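Inside the fold
Residues per chain, in single letters:
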Amino acid sequence: MSCVGRFAPSPTGPLHLGSLLCAVISYLDSKSQQGLWRLRIDDLDTPRVSDAHTHAILSALEAHGFVWDGALVYQSQQTLAYQEAFDQLLNSGMVFPCGLSRRALRERFGGVHPGRLQAEPAQLDQDNNWRFDTALALDCYLDDRILGKTLIKAGDIECFTLKRKEGLFAYHLACVVDDEAMGITQVTRGNDLFSSTPEQCLLQDALGFARPEYAHHLVLIDDRGDKLSKQTFAQALDVSKVIDNLHYVLRVLGYQQFPDTAKAKELLDWAVSEWHIDRIRGRDQVLCER
Ligand code: GLU
């Protein structure tokens, strides 16, 4: 099976060096295996996302030499697929309505919903979130290329929300449905998302989806120790300095002695030929000094 990787930014702000690092790693990792590199815009969180951010992200990626394979996927256009997967889980009895607020959950169960069997039945006529019943899911393994093998005990995982009462589908469901539909075989993403992966593995198994290979890699942090992110106001990429930006990120990955080119695509193609997964092993965080 040929390799298909992806980059899946949320358009809640512009790309920064941390997101460029993620894009570069996923690109190099899939292209070095003669694979495809796909792009998805994770624009589900409608109050926070904007078309302006999406456009800025796409033009920053193009300016940095990225060319994606196949159609660009927007999560906001996949609602039918999410509903189908949701219905499949509902029909197999793994989803239940839950009217409890976060506060009520905390007061009653210490924050972790124990599953429908131990909770009171929700009133179907009230506004409900729809939760995945982890008490009915199967234990499984997650074998990460960087972090190794972890046993996922389904019963230890909170019954997480699949669909919110306002009708919005939650990240875990959207992510696994899209990864499956896009034929993704390799997920490389920051290790801050490792804690989201057990929920996604349970869903993949419950839906009968193949598990992509995961590699949760190092992230860039600022001088306060926070991961570079839109929430911590990381600086937007300066698109007048694409070669500098790529050199910086490639240096973080241990590259030195760059070819003499002003073309971002040529630089990326050169980096593909020098890529090895060991470049992202052994470090969890790197201080961003730029
Ligand atoms: N959209 C997520 C983010 O920007 C990434 C999701 C993923 O890689 O699975 O943090």
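Structure's up top.
All of these numbers come straight from a predicted model, not from anything done at the bench.

1. Some thoughts on the packing of aromatic side chains
- Within the structure shown, the criterion is met by 10 aromatic pairs.
- Between Phe86 and Phe169, the ring centres sit 6.1 Å apart and the planes meet at 65°, which makes this aromatic pair edge-to-face. You can see Phe86 sitting in helix α3 (residues 79-91) and its partner Phe169 sitting in the loop between β8 (161-163) and α5 (171-181), a full 83 residues away along the chain. In this structure, Phe86 and Phe169 share a single accessibility class: buried.
- Centroid distance Phe258 to Trp270: 5.8 Å. Interplanar angle 75°. Geometry classified as edge-to-face. With a gap of 12 residues between them, Phe258 in the loop between α7 (242-252) and α8 (264-273) and Trp270 in helix α8 connect regions that are remote in the sequence.
- Judged by its relative accessible area of 19%, Phe258 is buried.
- An aromatic cluster of three or more residues is present, and its members are Phe7, Tyr27, Trp37 and Phe66.
- Just above the ring of Phe86 sits the side chain of Lys163; from NZ or CZ to the centre is 5.3 Å.
- Lying across the ring of Tyr255, Arg279 places its NZ or CZ 3.7 Å from the centre.

2. Focus on the sheet that holds strand β2 (residues 36-41)
- Strand order in this open sheet of 3 strands is β1-β2-β3, and the pairing throughout is parallel. Looking at strand neighbours, the two that pair on one side only are β1 (4-7) and β3 (73-74), the edges of this open sheet.
- As judged from the 4 bridges shared by β1 and β2, these two strands associate in the parallel manner. Each residue of the ladder has a partner; that of Gly5, found in β2, is Trp37.
- Along the sheet, helix α1 (residues 17-31) contacts β1 and β2; its crossing angle with β2, the most-contacted strand, is approximately 145°.
- The strands touched by helix α2 (residues 51-63) are β1, β2 and β3; relative to β2, the strand with the most contacts, the crossing angle is about 160°.

Cut-off values and rules
- Residues numbered from 1 in each chain as written.
- Predicted model: local features only at pLDDT ≥ 70, side-chain atom pairs only at ≥ 80, totals over all residues.
- Heavy atoms only, no water.
- Phe/Tyr/Trp six-rings, centres within 6.5 Å; stacked < 30°, edge-to-face > 60°.
- Helix = DSSP H or I, 4+ residues; strand = E, 2+ residues; numbered from the N terminus.
- Buried < 20%, exposed > 50% of the residue type's maximum accessible area, 1.4 Å probe, protein only.
- Lys NZ or Arg CZ within 6 Å of the ring centre and 35° of its normal.
- Pairing = 2+ DSSP bridges.
- Contact = heavy atoms within 4.5 Å.
- Axes fitted to C-alpha atoms, helices over the stretch in contact; angles between N-to-C directions.

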